[in-house]
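Coordinate analysis (summary)
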Number of protein chains: 2
Amino acid sequence: MDPINIKKLAEALNLSTSTVSRAFRNNNDINKATKERILARARELGYQPNHYASNLRERKSRTIAVIVPELANNFFLQVINGLEQVASAKGYHILIYLTGNDYEKEISFINHLSNGRVDGIMMSVSGETASEHNYLHKLRDKNIPLVFFDRIYEDIDVPKVTTDDYESAFQATEHLIQAGCRDIAFLVINKNLSIGKKRLQGYQDALRQHGLPYREELVVDCHHDHDPNLEILRQALPALKPDGLFAAVERLAIAAYFVCQEQGIQIPGQLKIISFSSLEIAPLLNPSLSTITQPAFEMGIQAATLLFEAIDGGGQEVKTGQIVLKSELVPRQSSSRAGN
Amino acid sequence: MDPINIKKLAEALNLSTSTVSRAFRNNNDINKATKERILARARELGYQPNHYASNLRERKSRTIAVIVPELANNFFLQVINGLEQVASAKGYHILIYLTGNDYEKEISFINHLSNGRVDGIMMSVSGETASEHNYLHKLRDKNIPLVFFDRIYEDIDVPKVTTDDYESAFQATEHLIQAGCRDIAFLVINKNLSIGKKRLQGYQDALRQHGLPYREELVVDCHHDHDPNLEILRQALPALKPDGLFAAVERLAIAAYFVCQEQGIQIPGQLKIISFSSLEIAPLLNPSLSTITQPAFEMGIQAATLLFEAIDGGGQEVKTGQIVLKSELVPRQSSSRAGN
DNA sequence: TTGTATGCGTTATCAA
DNA sequence: TTGATAACGCATACAA
């Protein structure tokens, strides 16, 4: 098939390309009847305006990018679901990029995307707070709005949507203390990353406030991947013999469950566990898992809304506020007082 | 900032746009030194070739679309992960579209994508086999390759990647029978959809082969959404009193677990359960869930590979074969013989 | 209400 | 090895 384009369609209708073009936009400078005629014929010939040509002309892509560390994670999934709802309602398309927690990849994506490929970017960052973020300035220079969610760089002045990480971590730790724990391990992937840091602080402050010592060895540095985490915990649990465990990320609680199963450690009898988690089936685990649940879907909606405000606002008055959503602590069996 | 483009960069370097353009492609018709100089200056000025202009010119988008019914599903997640691995290795970008199991949306996406927006499409279909699929012919007319995975339309002649649904369903049913079940319920969302149909057949044939009657009332039609499923099962379980339950989709097993918990039905004592599922934490459920696990990641890789073969092959010799991957039955406590 | 002409930023062809 | 030019398909300013 030779491809159909606006010119051929115009010829077939004995009209000019401008008129045809007008039929496909909400342009009122066109006769209703001709518009109908054009659309009818277009359907017949299978014509659709070429997206790339339109974008080139309009300098608008109607596309946004979402950059996340990974997909195999209920949290990001739900966020993307929220984003999708907002985006598709506005007729926007979504490009998805996975950094795999690789900082270099993040830089590469951003560079790639700063060429007008997208109208805006939503990102949960992969790198460490300490690292250089100059590559992000390019976006500002090019007027491409950026919104952070969950994992953020604090030194970059863009709109951010997070949850109350510090407070939730404080509560979670307090919850374990009140359940009778004294030696509470904190599992974290990167305690220098935005969220890891905040959650660590909440953990520390809760200990302090309840007169418990902060013991650095109880902070267990974990990995992004499952198998190394199993190894780490196989060593750490017998060595540290904690009676409480607070996981900063769902995946770490899962690993802990597996290792407890292996080593015959009773939850919550010998070890009480609570974790940040977006797992819908937390109640079905053995034992059911106490969670701090972040409003992930809502977060996607909010972040997307901020992003579209920036896009529609023409990048002029860039809002740079931070929205903090509340997480919910749901106690279940894994952290119940012994005997229950 | 006034935007930088190839022309300005060329001026700044006292070169022609053609030369600059060559520097950004693997074009050997260029002096190594000038190329270096161009790239250096480009970095300095923050120049990146405009994606839309390039695409318009080259008629290649280096972008593919993946259309899935939903995201909140470990299976699709893992498939997309596989796809992403293949695509990013080839420098392709991924657009993601969610149908929400809405057939109309699927049609709309396909129409949208038939304008050259993408170089290829990977889809797990949302509609019923019975419905009209003429909108898909447009893709063929426009030489946009399409590959189906998991949920397919059999009447459309494109490459397909599925798993051995019939055999797995047969095995799963047989597994329950051998565990002592006689009244085995089959939970399915759409028994007319490709996979639902195959799995139903496997279920039926296994019953027959083992001399058990096929009772239509034991086939429970479920919903895509969680809450309605709870309602359905709250009614169905007490009414049917099955001693075995085979869920065609992970989500249905989850719903069954919740309802059993509510109604105090013992798994596996009173009811044995097995389900298609890609849940990594199936071993941690209470009780651990017996699964038929599809090689989802592998499926993503295979489907993406087929897609790129079609894309790179210029859409000429369109392969239309079907790849069938093997699923794995993993027995766990939820279907163990009473007492274990 | 419709048509003409121009350019969006890039790349391919051809000539130098 | 480099440069001039045309074209990709569309949308807008302007003229009719």
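About the criteria used
- Residues numbered from 1 in each chain as written.
- Chains lettered and ligands numbered in written order.
- Predicted model: local features only at pLDDT ≥ 70, side-chain atom pairs only at ≥ 80, totals over all residues.
- Heavy atoms only, no water.
- Pairing = 2+ DSSP bridges.
- Helix = DSSP H or I, 4+ residues; strand = E, 2+ residues; numbered from the N terminus.
- Axes fitted to C-alpha atoms, helices over the stretch in contact; angles between N-to-C directions.
- Phe/Tyr/Trp six-rings, centres within 6.5 Å; stacked < 30°, edge-to-face > 60°.
- Buried < 20%, exposed > 50% of the residue type's maximum accessible area, 1.4 Å probe, protein only.
- Lys NZ or Arg CZ within 6 Å of the ring centre and 35° of its normal.
- Disulfide = S-S within 2.5 Å.
- Least-squares fit on C-alpha atoms with pLDDT ≥ 70 in both.
- Contact = heavy atoms within 4.5 Å.
- Near = heavy atom within 4 Å.
- Polar contact = N/O pair within 3.5 Å; in protein donor to acceptor, adjacent residues only side chain to side chain.
- Buried area = accessible area lost by both parts, 1.4 Å probe.
- Salt bridge = Lys/Arg side-chain N within 4 Å of Asp/Glu carboxyl O.
- Lys, Arg positive; Asp, Glu negative; His and termini not counted.

1. With respect to the sheet that holds strand 1 (residues 63-68) of chain A
Two strands in a sheet stick together by hydrogen bonds in their backbones, pointing the same way (parallel) or opposite ways (antiparallel). Ordered by their spatial adjacency, 12 strands build an open sheet running 11(A)-5(A)-4(A)-3(A)-1(A)-2(A)-2(B)-1(B)-3(B)-4(B)-5(B)-11(B), and the pairing between neighbours is mixed. This sheet does not close on itself; its edge strands, each paired only once, are strand 11 (322-325) of chain A together with strand 11 (322-325) of chain B. Taken over all neighbouring pairs, the strand axes of this sheet differ in orientation by 20° on average, direction set aside. In this structure, strand 4 (residues 146-149) of chain B lies alongside strand 5 (residues 160-163) of chain B, joined through 2 bridges in parallel fashion. Within the sheet, the bridge partner assigned to F148(B) lies in strand 5 of chain B and is K160(B).

2. Here's the deal with the packing of aromatic side chains
For the structure on display, the rule yields 25 aromatic pairs over all chains. With 4.8 Å between their ring centres and 75° between their planes, Y92(B) and F308(B) make a pair best called edge-to-face. Linking Y92(B) in the loop between helix 5 (74-89) and strand 2 (93-98) with F308(B) in helix 12 (residues 296-312), this pair joins segments that are 216 residues apart in sequence. Their ring planes at 45° and their centres at 5.2 Å tell us that F186(B) and F246(B) sit as a pair that is tilted. Taken together, the residues F186(B) in strand 6 (residues 184-188) and F246(B) in strand 8 (residues 244-247) connect sequence positions 60 residues apart. Per residue, the accessibility class of F186(B) equals that of F246(B), and both read buried. Taken together, F186(A), Y203(A), Y214(A), F246(A) and F276(A) form an aromatic cluster joined through their ring pairs. Sitting above the plane of the F276(B) ring, R199(B) keeps its charged end 3.5 Å from the centroid.

3. Points about the state of the cysteines
Two cysteines, two sulfur atoms, one covalent bond between them: this is a disulfide. The full count for this structure, using the stated rule, is 0 disulfides over all chains. Cysteine C222(B) shares no disulfide, and the gap to the nearest cysteine sulfur, in C260(B), comes to 13 Å.

4. Structural notes on the relation of the copies chain A and chain B
Rotating chain A by 180° and translating it 0.1 Å along the rotation axis places it on chain B, where the RMSD comes to 0.1 Å. Each copy turns onto its partner about a two-fold axis. The fraction of interface residues of chain A whose copies in chain B are also interface residues reaches 100%, indicating that both copies meet through the same surface.

5. Some thoughts on unusual backbone geometry
Residue and element names in this part refer to chain A. N286 connects to P287 through a cis peptide bond whose omega is -5°. Position of P287 among the secondary structure elements: in the loop between strand 9 (272-276) and strand 10 (290-293). Its identity as a non-glycine residue notwithstanding, R62 has a phi of 50°, on the positive side. Mapped onto the elements, R62 comes out in the loop between helix 4 (51-58) and strand 1. Note on R62: relative accessible area 42%, which makes it partly exposed.

6. Focus: the protein's contact with DNA strand D
Residues in contact with DNA strand D amount to 26 residues; listed here are only the nearest, I6(A), Y47(A), R57(A), T19(B) and R59(B). Here, DNA strand D places atoms within 4 Å of the protein, and 62% of those atoms are sugar or phosphate. In this structure, S21(A) approaches DNA strand D through a side-chain N or O atom, which is 2.8 Å from a phosphate oxygen. Elements supplying a minimum of two residues to the surface near DNA strand D: helix 2 (17-23) and helix 4 of chain A together with helix 2 (17-23) and helix 4 (51-58) of chain B.

7. Quick notes on the interface of chain A and chain B
Each partner contributes residues to the interface: chain A has 47 residues there, and chain B has 47 residues. Carbon and sulfur atoms make up 62% of the surface buried where chain A meets chain B, a total of about 4500 Å² over both sides. Considering only the surface of chain A that becomes buried against chain B, Y52(A), R117(A) and L284(A) emerge as the three largest contributors, covering 18% of it. Here chain A and chain B share 0 salt bridges between them. At the boundary of chain A and chain B, one finds 20 residue pairs in polar contact (both at pLDDT 80 or more). Contributing elements (two or more residues each) for the side of chain A that touches chain B: helix 4, helix 5 (74-89), strand 2 (93-98), helix 6 (103-113) and helix 11 (250-263) of chain A. Considering each element in turn, the side of chain A that touches chain B owes the most residues, 6 residues, to strand 2 of chain A.

8. Notes on the environment of H175(B)
With respect to the helices and strands, the residue H175(B) is situated in helix 8 (residues 165-178). Apart from residues no more than four positions distant in its own chain, H175(B) is found in contact with I274(B), L329(B), P331(B) and S335(B).

9. Some points on the side chain of E250(B)
Residues and elements named next belong to chain B. Among the secondary structure elements, E250 is positioned in helix 11 (residues 250-263). The buried charged residue E250 lacks any salt bridge partner; its closest oppositely charged side chain belongs to R251, at an N-O distance of 7.1 Å. Of note is the side chain of E250, whose polar atom sits 2.9 Å from the side chain of S277. Contact partners of E250, with chain neighbours within four places excluded, come to N74, S275, F276, S277, S278 and L279.

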